[in-house]
Amino acid sequence: MSNNRREFLKLTGLAGIGLAGTGLLGGCATAAVQTGTDQAQKQAGRSHTQQFNMSGYRAPKLDKVRVGYIGLGMRGPGAVMRMNRIEGVEIKGLCDLVPEKVQAVQKKLADSSTNHNPTSYAGSEDAWKKMCERDDIDLIYIATPWDTHTPMALYAMEQGKHVAVEVPAALTIEECWQLVETSERTKKHCMMLENCCYDFFEMLTLNMARQGYFGEIIHGEGAYIHQLLDLNFSKKGYENMWRLKENMTRNGNLYPTHGLGPICQIMNINRGDAMDYLVSVSTDDFQMYEEAKRLAAKDSFFTPYVQDTYRGNMNTTTIRTKKGKTMMIQHDVTTPRPYSRIHLVSGTKGIARKWPEKKIATGHNGWLKPEEFKAVEEQYTPEIIKKLGEMAKKIGGHGGMDFLMEWRLIDCLRNGLPLDQDVYDAASWTAVGLLSEWSVANRSNSIDVPDFTAGAWQKNAPVDISLQGAGTTNVRI
């Protein structure tokens, strides 16, 4: 974690386990926010000499992938139990700050009648380090609060482990660079767990783009529009209200990657094209401050959260690529809009969109008729969906996309294949949210997106979602 980040957390009262008193975000914190955005601009302009190209890297095959999990709150337990269904996996360690959470997952594994016998790590803020230091673990799976993602990923790679880390991968541009440099130096994969890249329609449109259905891709749109107001203010939601605190201290697109990741893969970002610069604009906050006031009037627990520093309810970020194409990414987790990631792909020959309905068109006259859509879907459904789609739906995880992501990760590691998402994707997709904060703080001026590949994007091969040389990993039904 950078010195600026540490200072920012100290100033805002977020470095410890709770919020200390009222008046949480005064003038010092405001200064820290400005320091953070200025540092983002400085780090965005940094040059980099690539030590080793992790794009397309084939790590040595692992017949058995031995996994350790850090974080067993909201996302972790489901990930453990899905991985439990994948053959060629051995779950070696389970770690959480709260011992009861580890015990609960241990019981679920024992009840599943599998042969896993993981060691428990709990009760200490550094317990996860002991698990990373073991020499019989290949992959560390991180599902913890955002501010711990980079420190844990860096330590795990330094200990010789591949890393799968929940989104976003970092909280500063400096941390993004640290992930890139460490992955290149250690030759360990650092994959951000962007599950939406494995949703069925997103994979369908990726395969269609690969086969030229849309022609030259000109524009893409994505979003995270998901009403989380109640959950962010729930005492039983995020541990120690950590996600609400993020919303109190940052203004921009806090969670860009669900909409951005699939569009970047379709537009060959970091693999034939690269993001050049972005601009970002946020509305004012019309809901979170009001909700904090409403709750504090009935419960003093919420008094420290009555601050007028909440991020804007809607953020819109526009990105231009090196090859003159554009992306639009939105973030809204407060208004009562129906859930949407938009997922719109627009090219010279066709267009597809996912919300509010899955639609495809090849001309100005209108969308394909249902029978035409079905025929296109059958023709372009990728092999991985044909092989595992129905099984993934049954096993679950956001409709099956979580399981597809985890199966694909394990299958690539076992077959020594490049991962669908590498550390450059983790860094650049994450950076969009961080740079949006600078743009919002500077009247929506443009800011360059760092080239984490050091120019290698010009020759890196596009993501290959075929099962050539893959698909050998079985699943326990």
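Small disclaimer: the values here were computed from a predicted structure and weren't measured.

J.: Would you explain the packing of aromatic side chains in this entry?
T.: Evaluation of the coordinates by the stated rule reveals 17 aromatic pairs. For the pair phenylalanine 233 and tyrosine 310, a centre-to-centre distance of 6.3 Å together with 45° between the ring planes defines the contact as tilted. Taken together, the residues phenylalanine 233 in the loop between helix H9 (229–232) and helix H10 (242–249) and tyrosine 310 in the loop between helix H12 (288–296) and strand S9 (315–321) connect sequence positions 77 residues apart. One exposure class covers both phenylalanine 233 and tyrosine 310, and it is buried. For the pair tyrosine 238 and tryptophan 242, a centre-to-centre distance of 5.3 Å together with 70° between the ring planes defines the contact as edge-to-face. This pair shows no difference in class: tyrosine 238 is buried, exactly as tryptophan 242 is.

J.: Looking at this model, I keep getting lost on unusual backbone geometry. Mind explaining?
T.: The bulk of non-glycine residues show a negative phi, and the bulk of peptide bonds are trans. Valine 167 connects to proline 168 through a cis peptide bond whose omega is -10°. One non-glycine residue with positive phi stands out, namely asparagine 240, at about 55°. As for its position among the elements, asparagine 240 is in the loop between H9 and H10. Its identity as a non-glycine residue notwithstanding, isoleucine 342 has a phi of 60°, on the positive side. Along the chain, the position of isoleucine 342 falls in the loop between strand S10 (326–332) and strand S11 (344–347). Here isoleucine 342 falls in the buried class, since its relative accessible area comes to 13%.

J.: Would you take a moment to explain the sheet that holds strand S6 (residues 190–192) for this structure?
T.: Adjacent strands of a sheet pair through backbone hydrogen bonds, lying either parallel or antiparallel. Taken in spatial order, the six strands make up an open sheet running S3-S2-S1-S4-S5-S6, and their pairing is parallel. Of all the strands in the sheet, just strand S3 (119–122) and S6 have a single pairing partner and so form its edges. Neighbour-to-neighbour, the strand axes of this sheet turn through a mean angle of 20°, independent of strand direction. Relative to S3, strand S2 (residues 89–96) is paired through four bridges, and the arrangement is parallel.

J.: Which parts of the structure should I look at to understand the packing of helix H11 (residues 257–266) against helix H16 (residues 423–441)?
T.: Between two packed helices, what matters for the description is the angle formed by their axes and the separation of those axes. Closest axis-to-axis distance for the H11/H16 pair is 10 Å, and the angle between their directions is 135°. Judged by the angle between their axes, H11 and H16 are oblique. Relative to H16, the crossing made by H11 is right-handed. Here Thr257, Leu260, Gly261, Cys264 and Gln265 of H11 lie close against H16, whose contacting residues are Trp429, Thr430 and Val432. Tallied by class, residues from the contact of H11 with H16 come to four nonpolar, four polar and no charged.

J.: Would you explain the confidence of the model for the protein in this entry?
T.: For any part of a model where pLDDT is low, the fine detail of the predicted coordinates should not be relied upon. For the protein, mean pLDDT is 92; residues scoring 70 or higher make up 92% of the total. Predicted confidence is poor over residues 1–29, with pLDDT under 50, and the contacts of this stretch with residues over four places away or in other chains come to 59 contacts.

J.: Any chance you could explain the nonpolar core here in plain terms?
T.: The tendency in soluble globular proteins is for nonpolar side chains to be buried as a group. Grouped together as the largest cluster of nonpolar side chains are 127 residues, with contacts concentrated most on Tyr69, Ile70, Leu94, Tyr141, Leu179, Met275 and Met327. With 10 residues, H16 is the largest single contributor of residues to this core. Formed by 12 residues, the second largest nonpolar core is a distinct cluster that contains Met241, Met288, Leu295 and Phe302.

J.: Hey, could you run me through H16 in this one?
T.: Helix length check: H16, at 19 residues, gives a terminal C-alpha distance of 27 Å against a target of 27 Å (1.5 Å per residue), a fit within 8%. Largest kink in H16: about 30°, centred on valine 432. Most of H16 sits inside the fold, with 18 of its 19 residues counted as buried. Its side-chain oxygen 2.9 Å from the backbone nitrogen of tyrosine 424, aspartate 422 forms the N-cap of H16. Once H16 finishes, arginine 443 follows within two positions and takes phi at roughly 50°, a positive value.

J.: How should the sheet that holds strand S12 (residues 351–353) be read in this particular structure?
T.: With respect to topology, eight strands assemble into an open sheet ordered S13-S12-S11-S7-S10-S9-S8-S14, the strand pairing being mixed. The open sheet has two edge strands with one neighbour each: strand S13 (359–361) and strand S14 (447–448). Across seven bridges, strand S7 (residues 217–225) lies against S10 in parallel orientation. When the sheet's bridge partners are listed, isoleucine 225 is paired in S10 with aspartate 332. Contacting S7, strand S8 (275–282), S9, S10 and S11, H11 crosses the sheet at an angle of about 160° to S7.

J.: What is the right way to look at helix H13 (residues 370–380) in this model?
T.: The α-helix advances 3.6 residues per turn, and as a result positions three or four apart in sequence lie on the same side. Inspection of H13 places Phe373, Val376 and Tyr380 among the buried residues, and these make up the whole buried set. Buried residues in H13, looked at end-on, bunch into an arc of 65°, giving them a common side. In H13, the exposed positions that point more than 90 degrees away from the buried face belong to Pro370, Glu371, Lys374, Glu378 and Gln379. Residues of H13 that are buried make contact with helix H8 (200–210) and S13.

J.: Just to check I follow, could you spell out the pattern of salt bridges for this structure?
T.: If charged atoms from side chains of opposite charge come close, those side chains can pair. Under the counting rule described, the total for this entry stands at 29 salt bridges. The closest approach of N and O atoms between glutamate 216 and lysine 325, which form a salt bridge, is 2.7 Å. Separated by 109 residues along the polypeptide, glutamate 216 in the loop between H8 and S7 and lysine 325 in the loop between S9 and S10 bring together distant segments of the chain. Its relative accessible area of 14% is what places lysine 325 among the buried residues. Across the pair lysine 235 and aspartate 299 runs a salt bridge, and its minimum N-O distance is 2.5 Å. Here lysine 235 is found in the loop between H9 and H10, whereas its partner aspartate 299 is found in the loop between H12 and S9, with 64 residues between them in sequence. Assessed through its relative accessible area of 48%, lysine 235 is described here as partly exposed. Judged by relative accessible area, which is 24%, aspartate 299 ranks as partly exposed. Taken together, the shared-partner salt bridges connect Lys64, Glu90, Lys92, Arg134 and Asp136 into one network.

J.: Can you walk me through the pairing of S7 in this structure?
T.: Sheet faces and side chains relate simply in a regular strand, where the side chains alternate between the two faces. Counted residue by residue, S7 has eight buried out of nine residues, so it is predominantly covered. One ladder, built from four bridges, connects S7 with S11; its direction is antiparallel. When the bridges of S11 are listed, glycine 220 appears paired with valine 345.

Cut-offs applied
Residues numbered from 1 in each chain as written. Predicted model: local features only at pLDDT ≥ 70, side-chain atom pairs only at ≥ 80, totals over all residues. Heavy atoms only, no water. Phe/Tyr/Trp six-rings, centres within 6.5 Å; stacked < 30°, edge-to-face > 60°. Helix = DSSP H or I, 4+ residues; strand = E, 2+ residues; numbered from the N terminus. Buried < 20%, exposed > 50% of the residue type's maximum accessible area, 1.4 Å probe, protein only. Pairing = 2+ DSSP bridges. Axes fitted to C-alpha atoms, helices over the stretch in contact; angles between N-to-C directions. Parallel < 35°, antiparallel > 145°, perpendicular 65-115°, else oblique. Left-handed = near helix turned anticlockwise from the far one by under 90°. Contact = heavy atoms within 4.5 Å. Nonpolar A, V, L, I, M, F, W, Y, C, P; charged D, E, K, R; others polar. pLDDT = per-residue confidence, 0-100. Core = buried A, V, L, I, M, F, W, Y, C linked by side-chain atoms within 4.5 Å. Expected span 1.5 Å × (residues − 1). Bend = angle between axes of the 7 residues up to and from the residue. Polar contact = N/O pair within 3.5 Å; in protein donor to acceptor, adjacent residues only side chain to side chain. Arc of directions from axis to C-beta. Salt bridge = Lys/Arg side-chain N within 4 Å of Asp/Glu carboxyl O.

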